[in-house]
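Residues per chain are reported as follows:
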Amino acid sequence: MPQAPRHRREAERLASLRSYQVLDAGPDIALEALTAAAARALKAPAALVTLVDEDRQWFASATNLSAAIGYHTPQTPRELSFCAYAVADEQTLVVPDATLDARFADNGLVTGPEHLRAYAGAPIIGRDGLPLGALCVLDRQARPFDAQGVQVLTDLATTVAELLELRRADAGAGLSDHDVLSESHRLRAGIDAGELVVHYQPVVDLPTGRWLGMEALVRWNHPQRGLLPPWVFLPLAEASGLIVPLGREVLQQACAQVARWRRDIPAAADLHVAVNVSGRQLGEPDIADVIAEALQVAGLPAHALTVELTETSLADTGAAVDIALQHIRALGVTLALDDFGTGYASFSYLQRFHPDIVKLDRCFVQALGRSARDDLLARTLIQLGLRLGCDIVAEGVEHPQQVDALTRLGVRTAQGYLFATPRAPEQVQEQLLGVHAPPPRATTAS
Ligand code: C2E
Ligand code: CA
Ligand code: CA
């Protein structure tokens, strides 16, 4: 029997899955409603939401599983998981007859008393862009799945992902006082010990491919747990208020680093840097002074710095934040609205704080070409930004077709794995130096 495949970024994927804190959780009525809807829509006797863990797939929700295929446990070994394939490929998997599919003909669920024959599963992609599991339907009869049914399954999987995201936010906010205290103690010590590192992702000029700037993205180089991505510790940093010293540290490191590159590397002379600033930081009365000082110490001109603000960071903030934004703008710093289109009040933020840049969230980029509706939505958001005089930066560009589509829509600037993943400063530096490195000299041997 073939081994269940692994995702190309399995370690990160598992870290992301853990951050949802849903494994082994109790029943969830909303998830159950979604699995029931999937079973109904595809006229299947059973449906599941599975989360694909390191060695097992765990059922976050199941409709009719024991009645339909006589399966009574809340999980299966990963080797038996069909969903692991949908997860590894990040694609909807349709198996009309498992006995005819080399990957599954010897699978214990197919050869055993469950007599599983047909399967369709859509990956559940989390907000970190990594698949967590799948929403799937099962049948003991071989059967086709029509395109419309598969589309419904894919749409419902998106809703499952949104639901898990809400649960993750609740879990982050719901740490007990004791947990927040002890964990934040560790984070505070980590900040003081210089364990926070900043990685950089290039912002690219689409027509020329030139690197215009870098987005600074924080990581925690944890002595025991290795390099931790922000979703693991930022909720704690927000909940404990440590986001304020953490954010200051990132700002100082990023300004200093990019100022050095601008001085030392000809190809980087005009490089910009974008730093994420949370709502909590903006609420600090001295935020504009903190930024001004970081610029001054680094010797970075204000116009080379962009401050990125998310819609959620601006939610529920009052006049103090509006004044802070005025002061930051008066320094000559560029303001960007991050994750544009994902909040509940995108338009009101456009009006309220007049960003210079809007960053089109990657969910719109990834939906390009999926349907006429998705294209219309992206086009409308881009048009709105452009007409208000903002520059648009598209996020999460992974495929050349997305570049073509964005270019047609008038977007000139983008970030994404297609160009470069976020990476350590030494690696970025090597590439920056490579731009103007002389061609390798031929050896004089012959
Ligand atoms: P963000 O500001 O939207 O940052 C972009 C995120 O998208 C980064 O995740 C980046 O690695 C990821 N990304 C970039 N290109 C692609 C792509 O082509 N495909 C996909 N699927 N993802 C892509 P990262 O580094 O994990 O950061 C996550 C979030 O954490 C950031 O989202 C930002 O909101 C927050 N964050 C990171 N650093 C800081 C910081 O220093 N301060 C604050 N307040 N927030 C930060
Ligand atoms: Ca950002
Ligand atoms: Ca973003």
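As the structure is a computational prediction, the values presented were derived from the model and not from experiment. (Residues numbered from 1 in each chain as written. Chains lettered and ligands numbered in written order. Predicted model: local features only at pLDDT ≥ 70, side-chain atom pairs only at ≥ 80, totals over all residues. Heavy atoms only, no water.)

Enquirer: Looking at this structure, I do not really get the overall build of the protein chain. What am I missing?
Expert: The helix and strand tally for the protein chain stands at 18 helices and 15 strands. At 24 Å, the protein chain has a C-alpha radius of gyration in line with the 22 Å of a compact globule built from 446 residues. Seen through its C-alpha atoms, the protein chain measures out along the principal axes to roughly 70 × 70 × 45 Å. Counting only residues that meet the buried cut, the protein chain has 51% of its 446 residues in that class. Put simply, 66% of the contacts in the protein chain that link residues at least 6 apart link residues at least 24 apart. When the accessible surface of the protein chain is totalled, it reaches about 21,200 Å², and 54% of it is carbon and sulfur. (Helix = DSSP H or I, 4+ residues; strand = E, 2+ residues; numbered from the N terminus. Rg over C-alpha atoms; globule rule 2.2 N^0.38 Å. Buried < 20%, exposed > 50% of the residue type's maximum accessible area, 1.4 Å probe, protein only. Contact = heavy atoms within 4.5 Å. Areas by Shrake-Rupley, 256 points an atom, 1.4 Å probe, with all protein chains shown as cover.)

Enquirer: Looking at this structure, how should I read the coordination of the calcium ion (ligand 3)?
Expert: Octahedral metal centres with six donors ideally show angles of 90 or 180 degrees, and tetrahedral centres with four donors ideally show 109.5 degrees. Bound to the calcium ion (ligand 3) are the protein donor atoms Asp 338 (OD), Asp 339 (OD), Glu 395 (OE) and Glu 395 (OE), situated 2.2 to 2.6 Å from the metal. For the calcium ion (ligand 3), the donor residues sit on a single chain with the sequence spacing D-D-x55-E. In this structure, the calcium ion (ligand 3) is positioned 4.0 Å from the calcium ion (ligand 2), and both are ligated by Asp 338. By the burial criterion, Asp 338 is buried, and Asp 339 matches it. (Donors = N, O, S within 2.8 Å, 3.2 Å for Na, K, Ca; no water.)

Enquirer: So what exactly am I meant to see when it comes to the environment of Phe 233 here?
Expert: Residue placement: Phe 233 occurs in helix α8 (residues 230-240). Residues Phe 233 and Ile 243 lie ten residues apart in sequence; the distance between their C-alpha atoms is 9.7 Å. Not counting chain neighbours up to four residues away, the residues in contact with Phe 233 comprise Leu 187, Leu 196, Val 218, Arg 219, Trp 220, Leu 228 and Leu 246.

Enquirer: Sorry, what's going on with the domain arrangement of the protein chain here?
Expert: Bring the parts together and some accessible area is lost; that lost area is often taken as the interface size. Each assigned domain of the protein chain is listed here: domain 1 (10-172) and domain 2 (177-433). Inter-centroid distance (C-alpha atoms) of domain 1 to domain 2 is 34 Å. Taken together, the contact between domain 1 and domain 2 spans ten residues of the former and seven residues of the latter. Taking both partners together, domain 1 and domain 2 bury about 690 Å²; carbon and sulfur atoms supply 49% of that area. Here domain 1 is connected to domain 2 by two salt bridges. For Asp 339, the salt bridge identified is with Arg 127, shortest N-O distance 3.7 Å. Where domain 1 meets domain 2, there are two residue pairs in polar contact (both at pLDDT 80 or more). Here the side of domain 1 that touches domain 2 gets four residues from one element, more than from any other, and that element is helix α1 (residues 10-19). Here the side of domain 1 that touches domain 2 is built from residues that sort into two nonpolar, four polar and four charged. (Domains from an automatic or database assignment. Buried area = accessible area lost by both parts, 1.4 Å probe. Salt bridge = Lys/Arg side-chain N within 4 Å of Asp/Glu carboxyl O. Polar contact = N/O pair within 3.5 Å; in protein donor to acceptor, adjacent residues only side chain to side chain. Nonpolar A, V, L, I, M, F, W, Y, C, P; charged D, E, K, R; others polar.)

Enquirer: Which parts of the structure should I look at to understand the site of ligand 1?
Expert: Surveying the vicinity of ligand 1 reveals 24 residues, the closest of which are Gln 201, Arg 219, Arg 362, Glu 398 and Tyr 417. Glu 398 has a polar side-chain atom sitting 2.6 Å from a nitrogen atom of ligand 1. Within the complex, 87% of the 810 Å² of free accessible area of ligand 1 lies under protein. Those elements that place two or more of their residues in the shell around ligand 1 are β8 (211-222), α8, α9 (243-264), β12 (334-340) and α15 (362-367). The greatest single-element share of the shell around ligand 1, amounting to four residues, is contributed by β8. (Near = heavy atom within 4 Å.)

Enquirer: Whenever I open this one, the environment of Pro 266 confuses me. Can you help?
Expert: When you line up the elements, Pro 266 lands in the loop between α9 and β10 (272-276). For the pair Pro 266 and Leu 242, spaced 24 residues apart in sequence, the C-alpha separation works out to 37 Å.

Enquirer: I keep staring at the coordination of the calcium ion (ligand 2) and nothing clicks. Help me out?
Expert: In the first shell of the calcium ion (ligand 2), the protein supplies Glu 215 (OE), Asn 276 (OD1), Glu 308 (OE) and Asp 338 (OD), at 2.1 to 2.3 Å from the metal. Sequence positions of the residues that donate to the calcium ion (ligand 2) give the spacing E-x60-N-x31-E-x29-D.

Enquirer: Honestly, the packing of aromatic side chains in this entry has me stumped. Any pointers?
Expert: Aromatic rings considered in pairs are described by the distance between their centres and by the relative angle of their planes. Applying the stated criterion across every chain yields a total of five aromatic pairs. Summarising the aromatic geometry, the rings of Phe 82 and Phe 104 are spaced 4.0 Å apart at their centres and angled 10° between planes, so their arrangement reads as stacked. Pair noted here: Phe 82 is in the loop between β3 (75-77) and α4 (83-89) and Phe 104 is in the loop between β4 (93-95) and α5 (108-111), with a separation of 22 residues, a long-range link. With 5.8 Å between their ring centres and 80° between their planes, Trp 220 and Phe 233 make a pair best called edge-to-face. Residue Trp 220 is located in strand β8, and its partner Phe 233 is located in helix α8; the two are separated by 13 residues in the primary sequence. A relative accessible area of 4% places Trp 220 in the buried class. For Phe 233, a relative accessible area of 2% translates into the label buried. Chaining the aromatic ring pairs together yields one cluster made of Phe 82, Tyr 85, Phe 104 and Tyr 119. (Phe/Tyr/Trp six-rings, centres within 6.5 Å; stacked < 30°, edge-to-face > 60°.)

Enquirer: When you look at the state of the cysteines in this model, what are you seeing that I'm missing?
Expert: Should the sulfur atoms of two cysteines be covalently bonded, the bond is a disulfide. Applying the stated criterion to the full structure yields zero disulfides. Cys 136 supplies the cysteine sulfur nearest to Cys 83, a cysteine that is in no disulfide, at a spacing of 3.8 Å. (Disulfide = S-S within 2.5 Å.)

Enquirer: When you look at the pattern of salt bridges in this model, what are you seeing that I'm missing?
Expert: Note that side chains of opposite charge can pair when their charged atoms are close. Enumeration over the complete set of coordinates arrives at 19 salt bridges. Salt-bridge contacts for Glu 10 lead to Arg 78; the nearest nitrogen and oxygen are separated by 2.9 Å. Here Glu 10, found in helix α1, pairs with Arg 78, found in the loop between β3 and α4; they are 68 residues apart in sequence, far enough to count as distant. Taken as a pair, Glu 10 and Arg 78 share a single burial class, namely buried. In this structure, Asp 205 and Arg 412 form a salt bridge, with 3.5 Å as the shortest nitrogen-oxygen distance. Of this pair, Asp 205 sits in strand β7 (residues 196-205) while Arg 412 sits in the loop between α17 (400-408) and β15 (413-414), and the two are 207 residues apart along the sequence. Assessed through its relative accessible area of 10%, Asp 205 is described here as buried. Put simply, Arg 18, Asp 24, Asp 53 and Arg 56 are held in one network by salt bridges that share partners.

Enquirer: Sorry, what's going on with helix α11 (residues 287-298) here?
Expert: Residue pairs spaced three or four apart in an α-helix point in one direction, given the helix's 3.6 residues per turn. Helix length check: α11 (twelve residues) gives 17 Å between terminal C-alpha atoms against 16 Å at 1.5 Å per residue, within 8%. Taken together, the buried positions of α11 are occupied by Ile 287, Ala 288, Val 290, Ile 291, Ala 294, Leu 295 and Ala 298. All buried residues of α11 lie within an arc of 165° about the axis, which places them on one face of the element. Turned more than 90 degrees away from the buried face of α11, the exposed residues are Asp 289, Gln 296 and Val 297. (Expected span 1.5 Å × (residues − 1). Arc of directions from axis to C-beta.)

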